[in-house]
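# Structure at a glance
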Amino acid sequence: MDHAADAMRTDLMTITRHVLNEQSRFPEARGDLTILLNNIVLGCKFVCSSVSKAGLAKLIGLAGETNVQGEEQKKLDVLSNHVFINALVSSGRTNVLVSEENEEAIFVESSKRGRYCVVFDPLDGSSNIDCGVSIGTIFGIYMLKEGASGTVEDVLQPGTAMLAAGYCMYGSSCTLVLSTGAGVNGFTLDPSLGEFILTHPNIKIPKKGKIYSVNEGNAKHWDGPTTKYVENAKFPKDGSSPKSLRYIGSMVADVHRTLLYGGIFMYPGDKKSPKGKLRVLYEVFPMSFLVEQAGGQSFTGKQRALELVPAHIHDRSPIFLGSSDDVEEIKALYAAESA
């Protein structure tokens with residue numbers, strides 16, 4: 001790579017330009033999704049700035065409340081939630097919002113209402129804030145069905161109905177990964193410009209990976225197929241090299257690595273949490289959408305993850321996602337057990 005030439009590039013593909021290019025492929029498009037995505041990007045920039053100076057601004061630590069999931073809320077959690085709700089409502093393009101931090105869905109007032117429903121986790125992995133580990137925002141976008149007035153039912157749709165999904169990772173750099181249903185692209189925030197620049201065009205997940213990612217602290221509670229898969233990963237019977245374990249404990253960071261390097265990310269159901277711990281609408285669906293758009297697979301232990309139909313906005317599900325061959329392996333183990 002010619003870094004000198006890269007440094008002097010003047011024809012930059014910003015995320016705004018990229019989304020406008022995508023919009024131009026649909027002559028009937030009114031630009032509503034573009035406006036909505038721009039507001040999400042603004043929210044990501046705000047949170048990125050807050051995360052980077054959290055220690056200085058006394059934003060680290062607990063806010064003294066617990067959220068709907070029973071998790072203690074960090075000050076940054078609360079701030080991020082307010083930032084994204086305000087950014088989404090002020091876009092004038094949203095109707096129903098679902099946040100991990102709010103027990104009930106949020107219905108936008110009629111004067112600011114639009115055609116889209118947004119589901120989001122404003123700050124995923126926030127238990128890692130205090131120690132500087134990568135954290136992130138996850139979001140998914142649905143369009144209201146024709147004639148729908150905007151109720152909870154409008155977001156209780158399968159992941160296959162999602163129009164767009166993405167995440168923004170706040171780590172050593174600020175990276176936004178987005179799909180509007182035509183592949184996956186990654187953008188990195190250039191702090192000197194205040195713009196997200198396309199750095200990872202058309203991300204394709206490797207067909208097979210060398211990494212597995214799971215919380216092995218829960219191993220004694222796992223079911224048979226998960227136990228067998230991890231055993232095979234560590235002690236392969238075909239003479240191949242064992243897989244490496246990499247687990248950060250922040251879904252955004254773990255899935256980001258899986259997208260780029262391949263392998264499998266797993267959060268199975270177990271005896272302690274039969275439905276797993278990850279929420280369907282704003283964690284499982286957006287990440288599965290991205291992984292499938294990049295050529296991978298997602299699986300719940302019973303079915304394709306995106307075909308789940310949630311009954312409640314905070315429903316949970318087990319999830320296995322990543323390289324196609326690796327997910328096929330876990331699917332085969334579940335099929336063998338139920339045979």
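It should be emphasised that the depicted structure is a prediction, and the values quoted were computed from it without experimental measurement.

Criteria and cut-off values
- Residues numbered from 1 in each chain as written.
- Predicted model: local features only at pLDDT ≥ 70, side-chain atom pairs only at ≥ 80, totals over all residues.
- Heavy atoms only, no water.
- Domains from an automatic or database assignment.
- Buried area = accessible area lost by both parts, 1.4 Å probe.
- Salt bridge = Lys/Arg side-chain N within 4 Å of Asp/Glu carboxyl O.
- Axes fitted to C-alpha atoms, helices over the stretch in contact; angles between N-to-C directions.
- Helix = DSSP H or I, 4+ residues; strand = E, 2+ residues; numbered from the N terminus.
- Parallel < 35°, antiparallel > 145°, perpendicular 65-115°, else oblique.
- Left-handed = near helix turned anticlockwise from the far one by under 90°.
- Contact = heavy atoms within 4.5 Å.
- Nonpolar A, V, L, I, M, F, W, Y, C, P; charged D, E, K, R; others polar.
- UniProt positions renumbered as here; feature names shortened; annotations may be inferred.
- Buried < 20%, exposed > 50% of the residue type's maximum accessible area, 1.4 Å probe, protein only.
- Arc of directions from axis to C-beta.
- Pairing = 2+ DSSP bridges.

With that out of the way, let us pick up the domain arrangement of the chain. Taken domain by domain, the chain consists of domain 1 (15-200) and domain 2 (211-338). One C-alpha centre belongs to domain 1, the other to domain 2, and the line joining them spans 24 Å. Each partner contributes to the roughly 2,800 Å² buried at the junction of domain 1 and domain 2, and carbon and sulfur atoms together form 69% of this total. For the interface between domain 1 and domain 2, the tally reads one salt bridge.

The axes of two packed helices give the description: the angle between them and the distance between them. Remark: helix α6 (residues 251-261) packs on helix α7 (residues 280-293), axes separated minimally by 11 Å, with the N-to-C direction vectors making an angle of 15°. It follows that α6 is roughly parallel to α7 by the angle criterion. Crossing of α6 against α7: the hand is right-handed. Of the residues in α7, those in contact with M251, V252, V255 and L259 of α6 are E283, M287, L290 and V291. Of the residues assigned to the contact of α6 with α7, the class counts are seven nonpolar, no polar and one charged.

Moving on to the UniProt feature "domain: Fructose-1-6-bisphosphatase class 1 C-terminal" (unreviewed entry) in the chain. Look at the UniProt record and you will see "domain: Fructose-1-6-bisphosphatase class 1 C-terminal" (unreviewed entry) annotated at residues 205-334. Secondary structure within residues 205-334 divides into 36% helix and 12% strand; the distance between the first and last C-alpha atoms comes to 23 Å.

This part takes up helix α2 (residues 15-23). Along α2, the positions that sit buried rather than exposed are I15, H18, V19 and E22. For α2, the buried positions fall inside an angular range of 95° around the axis, keeping them on one side. Among the structural elements, α3 (32-52), β8 (174-179), β9 (185-190) and β10 (195-200) are those in contact with the buried residues of α2.

The mixed open sheet is built from eight strands, whose spatial order is β4-β3-β5-β6-β7-β8-β9-β10. In this open sheet, the two edge strands, each paired with only one partner strand, are β4 (106-107) and β10. Across six bridges, the pairing between strand β3 (residues 94-99) and strand β5 (residues 113-124) is parallel. Along the sheet face, helix α4 (residues 75-90) touches β3, β4, β5, β6 (135-143) and β7 (164-170) and points at about 165° away from the line of β5. Against the sheet, α6 contacts β5, β6, β7, β8 and β10, and its axis sits at roughly 110° relative to β7.

With that out of the way, let us pick up unusual backbone geometry. Within the chain, N202 stands out as a residue other than glycine whose phi angle is a positive 45°. Within the fold, N202 resides in the loop between β10 and β11 (211-213).

So, about the sheet that holds β11. Strands sit in the order β12-β11-β13-β15-β14 across an open sheet of five strands; the sheet is mixed. Either end of the sheet is taken by a strand with one partner, and the two such strands are β12 (244-245) and β14 (297-299). Strand direction decides the pairing type here: strand β13 (residues 264-267) and strand β15 (residues 319-322), joined by four bridges, are antiparallel. The partner of I264 across the bridge, within β15, is G322. On the sheet, α7 packs against β14 and β15 and is oriented at approximately 30° with respect to β15.

A few words now on the environment of P236. Mapped onto the elements of the fold, P236 is located in the loop between α5 (224-234) and β12. Taking C-alpha positions, P236 is 36 Å from S173, a pair spaced 63 residues apart along the chain. With residues up to four places along the chain from it excluded, the contact list for P236 reads S241 and P242.

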